[in-house]
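This is what each chain is made of:
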Amino acid sequence: MAETTTEQKLISLKINDRDVQVPAGTLLIEATRRIGTEVPSVCYYPGLSLQAACRMCLVEIEKFPKLQTACTVVATEGMVVRTATDQVRNARKYMLEFLLTNHPLDCPVCDKGGECECRTWSSATARDTSRFVEEKIHRPEEKWSELVYYDAPRCILCFRCVRVCDEGMDVKALGVGMRGANSVIIPNREDHLECEECGMCIDICPVGALTSGTYRYKRARGKWNTSPQRARTALTAAKSRSACATTKSCAPIIATSPASTTIFLGVKGRFGFDFTQHKERIRQPLLRRGDKLFPVSWEKPRKPPPPS
């Protein structure tokens, strides 16, 4: 019987006057990344449902009367897209200004310092002033569990944490409470979190709203990386039986980030890194002779000492 192969249909469009071919069904934000054009977005995350909450990925599309969100529009044949016009730049600046209306200016002490996506795009858009003179809405920091802390003023309501808990982990431990400017992320047990404590909500948060009780205010700080595009290095989590994957950015950090929403870092790999400093950690090879363990060197042949 002859084998049949199906080729994925490609569609052609123009992005910033460049001809681009992408598979049918590709979102515009992914199409722009194929040609190295980074469209800012803090709510979009590959693999999660589309939210369009931050409105940062606005682009111009020919024959469309208004700006559109690149994270929700699917590329179609003959589409003409522009990502860097004056109208688009101004819209992004205004949306970023709106997102940071109640955001505290505590970047130097924030656990996300150097990795905050809002800080990255603030630098990229050179937006250093705000027209808002109203008093910021402040809420005290909440301790949801021994591992998860929530700082509502830092939250930009991108709902990544809610979606990854719901869709990625199928736990549904987080939700949204209140309305409008008073909206906040809420745990599933009123004032505390009751779940598997996987930490995915902490890792996926683009700002410092969700932090870990394990390493909060203890992360190593280096030179802030304000480039939207970062070099990533593949790693394998420590203490992992299944070699779960992760990535680590060039900036020195303790916290790690998931490679994608379909590759999860295990709880031991995320929170069990303190074993490296444990006083009972084995620091050289041991060979068993009878019921005793004898230390041997890494270089010499591994032969146990003769019985005494």
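Residues numbered from 1 in each chain as written. Predicted model: local features only at pLDDT ≥ 70, side-chain atom pairs only at ≥ 80, totals over all residues. Heavy atoms only, no water.

## Some thoughts on the packing of aromatic side chains
The line we're drawing: Aromatic pairs are defined between Phe, Tyr and Trp rings, using the six-membered ring for Trp, whenever the two ring centres lie within 6.5 Å; interplanar angles under 30 degrees are classed as stacked, those over 60 as edge-to-face, and all others as tilted. Between buried and exposed lies partly exposed: a residue is buried under 20% and exposed over 50% of the maximum accessible area for its type, with that area taken using a 1.4 Å probe on protein chains only.
Per the counting criterion, the structure on display carries one aromatic pair. Here tryptophan 144 and tyrosine 150 contribute two aromatic rings whose centre-to-centre distance is 4.8 Å and whose plane-to-plane angle is 25 degrees, an arrangement assigned as stacked. Comparing tryptophan 144 with tyrosine 150 shows no difference in burial state: the two are buried.

## Looking at the confidence of the model for the chain
Basically, it comes down to this: A score from 0 to 100, pLDDT tells how confident the predictor is in each residue. In what follows, a contact means two residues having at least one pair of non-hydrogen atoms within 4.5 Å.
Looking at the chain as a whole, its pLDDT mean stands at 80, while 78% of the residues score no less than 70. Segment residues 1-5: pLDDT under 50, and zero contacts once partners within four positions in sequence are set aside and those in other chains are kept. Counting interchain partners and residues more than four positions distant, the pLDDT-below-50 stretch residues 248-262 has 43 contacts.

## Digging into the sheet that holds strand β6 (residues 142-143)
Where we set the bar: Between any two strands, pairing holds if DSSP finds at least two bridges. Starting at the N terminus, helices and strands are each numbered in turn, a helix being any DSSP run of H or I of at least four residues and a strand any DSSP run of E of at least two.
Across the sheet, which stays open at both edges, the three strands sit in the order β6-β7-β10 with antiparallel pairing between neighbours. Two strands bound the open sheet, and with one partner strand each, they are β6 and β10 (210-212).

## A look at the pairing of strand β1 (residues 10-15)
On β1, burial follows the alternation: Ile11, Leu13 and Ile15 on one face are buried, whereas Leu10, Ser12 and Lys14 on the facing-out side are not. Examined bridge by bridge, β1 and strand β2 (residues 18-23) share six bridges and lie antiparallel to one another. Across the sheet, lysine 14 pairs through a bridge with aspartate 19, a residue of β2. Connecting β1 to the antiparallel partner β2 that follows it, the hairpin turn spans two residues, and asparagine 16 within it adopts a positive phi of roughly 50 degrees. The sheet contact formed by β1 and strand β5 (residues 80-82) spans two bridges and is parallel. From the neighbouring strand, isoleucine 15 faces β5, where its bridge partner is valine 81.

## Some remarks on the environment of cysteine 57
Within the secondary structure layout, cysteine 57 lies in the loop between α1 (28-34) and β3 (58-61). What makes cysteine 57 buried here is its relative accessible area of 1%. In this view, cysteine 57 contacts Ile29, Val39, Pro40, Ser41, Gln68, Thr69, Ala70 and Cys71; residues no more than four positions away in its chain are not counted.

## Considering a nonpolar patch on the surface
Going by this rule: Like-charged residues are merged into a patch within 9 Å and nonpolar side chains (Val, Leu, Ile, Met, Phe, Trp, Tyr) within 5 Å, provided each residue has over 30% relative accessible area and no salt bridge. Using the Shrake-Rupley algorithm and a 1.4 Å probe, accessible areas are obtained, with residue cover drawn only from the displayed protein chains. The term salt bridge refers to a side-chain nitrogen of Lys or Arg lying within 4 Å of a carboxyl oxygen of Asp or Glu.
Nonpolar side chains collect at one region of the surface, where Ile282, Leu286 and Leu293 lie side by side and expose about 280 Å² of accessible area between them. By the secondary structure assignment, leucine 286 is in strand β13 (residues 286-289). The partly exposed category is assigned to leucine 286, whose relative accessible area is 35%.

## Some points on the side chain of arginine 92
We count it as follows: Note on charges: Lys and Arg go in the positive column, Asp and Glu in the negative column, and His and the chain ends are not counted at all.
Here arginine 92 shows up in helix α2 (residues 86-99). For arginine 92, which is buried and forms no salt bridge, the nearest opposite charge comes from glutamate 60, at a distance of 9.9 Å. When neighbours within four sequence positions are excluded, arginine 92 is seen to be in contact with Val39, Pro40, Met56, Leu58, Val59 and Thr83.

## A look at unusual backbone geometry
Of note, the phi angle at arginine 55 is positive, near 60 degrees, even though the residue is not glycine. Here arginine 55 lies in the loop between α1 and β3. Given a relative accessible area of 36%, arginine 55 falls into the partly exposed group. Of note in the backbone geometry, leucine 157 takes a positive phi value of approximately 55 degrees without being a glycine. In this structure, leucine 157 sits in the loop between β7 (148-150) and α4 (160-168).

## Some words on α2
The criterion, for reference: Expected span, for any helix, means 1.5 Å times one less than how many residues it has.
Compared with the 20 Å implied by 1.5 Å per residue over 14 residues, the 20 Å span of α2 between its first and last C-alpha is a close match. When we look at burial in α2, the residues that qualify are Val88, Ala91, Arg92, Leu96, Glu97 and Leu99.

## Points about the pairing of strand β14 (residues 292-295)
Note: β13 against β14, four bridges, orientation antiparallel. In the sheet register, leucine 287 faces β14, and the bridge partner there is phenylalanine 294. Counting the residues between successive antiparallel strands, the hairpin from β13 to β14 contains two residues, one of them, glycine 290, with a positive phi of roughly 70 degrees.

## A closer look at the nonpolar core
For clarity, the cut-off: Put simply, a nonpolar core is a bunch of buried Ala, Val, Leu, Ile, Met, Phe, Trp, Tyr and Cys residues held in one set by side-chain atoms that sit within 4.5 Å of each other.
Counting residues in each nonpolar core, the largest one holds 34 residues, and the members touching the most others are Trp144, Tyr150, Leu174, Ile185 and Leu210. Contributing elements (two or more residues each) for this core: α2, α3 (117-125), β7, α4, β9 (184-187) and α5 (200-204). It is α4 that contributes the most residues to this core, three residues altogether. Beyond its immediate chain neighbours, meaning those up to four positions away, leucine 174 contacts Trp144, Cys161, Val162, Cys165, Ile185, Ile186, Pro187, Leu193 and Cys201. Listed in part, the 22 residues of the second largest apolar core include Ile15, Ala31, Ala52 and Ala70.

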